[in-house]
Amino acid sequence: MPTLFCGTCCLGPDESHDMRPCPVHPEPLLPLAGDARACVGEAKLDVFGTVIGTLGNSGGSTPTVSAQSESVADVEPPESPAERTRPAFTAEVYVKEGEALGVCFDVTPKDRLRISAIDDAGVIGKYNAAAPEDQRLMEGDFIWSVNGETGLARTKMDAMRAGGCLLLGIRRAHTFVANGVKTEKGNLGLDLTFLLQSKAVYVEKVLSGSVVDEHNCRHPERAVSADDLIVAVNGRSGSSRDIVRLLSSGKVHELTVTRPSEVSRSDG
């Protein structure tokens, strides 16, 4: 059965988390501080790369990200900001010993845990095949809780790695475009953190007086906030390294941003 994990951001069937081929991450993993085989669920935050808040200033320094550029792809139009409130649900799955959950994640230093890819042959893929359409997990969904427990993303990954009966609290994504964010006018003003093999970049902080901060004042309904994830720049997506390169190009016009949707009243 095909597996979908890479030992860094994906869940595999064994506890060794050694380097294995991953169809989502074909490149060899970059060495991590201390232990090149460490997985995010066990590693400290030194597995993350951090980009300073002056990102986007064409006159400033460009962050160093070692590796060749990966291909980028056009992004489908995001949903309307009016759809930011959506029902949440719980998916019950059972992971037997030796089975792969079949999911890759965008992992953040805090609680955000976003599904970036699903293997139809994995446990989640099989769950989806039998579940009602509105209860199926999708790429872009957020794992909000595992067995009723919320907390850090890496803690939730540890709980899923243990296997057995898993109750996954799911929140759909609220995705929007922050347009009119033009770096020709100054710095983007974002403190960013990213996992090298992720497909998103995590916003740690929006700096006061920056281009993004000014955008937020003009368009509060499309404000970029701390804990958001940037998944595309100028309509182009790719790996986190691709996104960082696009952000540092000095030619940013719009950001595609995603976050967990708010829970509708019917969900309590």
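Small disclaimer: the values here were computed from a predicted structure and weren't measured.

A. Highlighting the overall build of the chain. Looking only at helices and strands, one finds four helices and 15 strands in the chain. Residues classed as buried in the chain amount to 50% of the 268 residues present. A sequence separation of at least 24 residues applies to 71% of the contacts in the chain between residues at least 6 apart. For the chain, the accessible area works out to roughly 12300 Å², and carbon and sulfur atoms hold 50% of it.

B. Molecular detail of the side chain of threonine 258. Here threonine 258 shows up in strand β14 (residues 254-260). Polar contacts involving the side chain of threonine 258 include one to the side chain of threonine 175, which spans 3.1 Å. If we skip the residues at most four places from it in the chain, threonine 258 touches Arg114, Phe142, Ala173, His174, Thr175, Asp228, Leu229 and Val231.

C. Spatial organisation of the nonpolar core. One finds Phe105, Leu113, Ile124, Leu137, Met160 and Leu168 to be the most contacted residues of the largest nonpolar core, which totals 25 residues. Among the secondary structure elements, those contributing two or more residues to this core are β4 (89-95), β5 (103-107), β6 (113-118), α1 (123-130), β7 (142-146), α2 (153-161) and β8 (164-171). Looking at which element gives the most residues to this core, the answer is β4, with four residues. The residues contacting leucine 113, other than those within four sequence positions of it, are Phe105, Asp106, Val107, Asp141, Phe142, Ile143, Ala153, Lys156, Met157 and Met160.

D. Quick peek at helix α4 (residues 240-247). Most of α4 is tucked away, with six of its eight residues classed as buried. Taken residue by residue, α4 has Ser240, Arg241, Asp242, Ile243, Val244 and Leu247 as its buried positions.

E. How the structure looks around the packing of aromatic side chains. Following the criterion strictly, the structure yields zero aromatic pairs and no others. Here the guanidinium or amino end of lysine 156 rests over the ring plane of tryptophan 144, the centre of that ring lying 6.0 Å away. The residue whose ring lies beneath arginine 171 is tryptophan 144, and the NZ or CZ to ring-centre distance is 3.8 Å.

F. Structural detail: unusual backbone geometry. Backbone geometry places asparagine 147, a non-glycine residue, at a positive phi of 55 degrees. Locating asparagine 147 in the fold gives a position in the loop between β7 and α2. With relative accessibility at 39%, the residue asparagine 147 sits in the partly exposed group. Positive phi outside glycine occurs at asparagine 234, with the angle close to 55 degrees. As for its placement among the helices and strands, asparagine 234 is situated in the loop between β12 (229-233) and β13 (236-237).

G. Geometry of the confidence of the model for the chain. Overall, the predicted model of the chain reaches an average pLDDT of 75, with 66% of residues at or above 70. Note on residues 1-9: pLDDT under 50 across the span, and 49 contacts to partners over four residues away in sequence or across chains. Predicted confidence for residues 11-71 stays below pLDDT 50, and this span has 143 contacts to residues more than four positions away or in other chains.

H. Layout of the pattern of salt bridges. Going through the model one piece at a time under the given rule, you end up with seven salt bridges. The partner of aspartate 106 in a salt bridge is arginine 114, and the shortest N-O contact between them spans 2.5 Å. Each member of the pair aspartate 106 and arginine 114 is classed as buried. Notably, a salt bridge pairs aspartate 228 with arginine 259, separated by 2.8 Å at the nearest N-O pair. Here aspartate 228, found in the loop between α3 (211-218) and β12, pairs with arginine 259, found in strand β14; they are 31 residues apart in sequence, far enough to count as distant.

I. Layout of the pairing of β8. For β8, the tally of buried residues reaches six of eight residues, placing the bulk of the element in the interior. Pairing analysis gives seven bridges linking β4 to β8, with the strands arranged antiparallel. Opposite phenylalanine 89, over in β8, you have isoleucine 170 as the bridge partner.

J. Looking closely at the pairing of β7. Within β7, four of the five residues are buried, which leaves it mostly tucked inside the rest of the structure. Of the strand pairs in this sheet, β7 and β8 are connected by four bridges, and their pairing is antiparallel. In the strand pairing of β8, phenylalanine 142 is matched with arginine 171.

K. Broad picture of α2. Residues Ala153, Lys156, Met157, Met160 and Arg161 constitute the buried set of α2. Looking straight down α2, one finds that the buried residues subtend no more than 140 degrees of arc, so they occupy a single side. Contacts made by the buried residues of α2 are with β5, β6, β7 and β8. Positive phi shows up at glycine 163, right after α2, with a value of about 75 degrees.

Quick notes on the rules
- Numbering of residues begins from 1 in every chain and follows the order in which that chain's sequence is written.
- Local features in this predicted model are restricted to residues whose pLDDT is 70 or higher, and side-chain atom pairs enter the listing and the counts only when it is 80 or higher, whereas totals over whole chains, interfaces and linings include all residues.
- As a rule here, side-chain values cover all heavy atoms of the structure and leave hydrogens and water aside.
- Here a strand is any run of E in DSSP of at least two residues, a helix any run of H or I of at least four, and the numbering for each starts at the N terminus.
- Three labels apply to residues, based on accessible area from a 1.4 Å probe with only protein chains included: buried if under 20% of the type maximum, exposed if over 50%, partly exposed otherwise in between.
- Every residue pair with non-hydrogen atoms within 4.5 Å of one another is taken to be in contact.
- For accessible areas, the Shrake-Rupley method is used with a probe of radius 1.4 Å. Any residue's cover is judged against the shown protein chains and nothing else.
- Polar contact is the term for a pair of N or O atoms within 3.5 Å; when the atoms are in protein, one must be able to donate a hydrogen and the other to accept it, and sequence-neighboring residues count only if both atoms are side-chain atoms.
- Only buried Ala, Val, Leu, Ile, Met, Phe, Trp, Tyr and Cys residues count toward a nonpolar core, and they belong to the same one when joined by side-chain atoms within 4.5 Å.
- Two rings from Phe, Tyr or Trp (for Trp, the six-membered ring) form a pair when their centres sit within 6.5 Å of each other. Planes less than 30 degrees apart are called stacked, planes more than 60 degrees apart edge-to-face, and all others tilted.
- The rule for a charge over a ring is simple: NZ of Lys or CZ of Arg within 6 Å of the ring centre, and within 35 degrees of the ring normal.
- pLDDT is defined as a per-residue confidence score from the predictor, taking values between 0 and 100.
- Here, a salt bridge means any Lys or Arg side-chain nitrogen found within 4 Å of an Asp or Glu carboxyl oxygen.
- Two strands qualify as a pair provided DSSP detects at least 2 bridges between them.
- By definition, the arc is the one covered by directions from the helix axis to the C-beta atoms.

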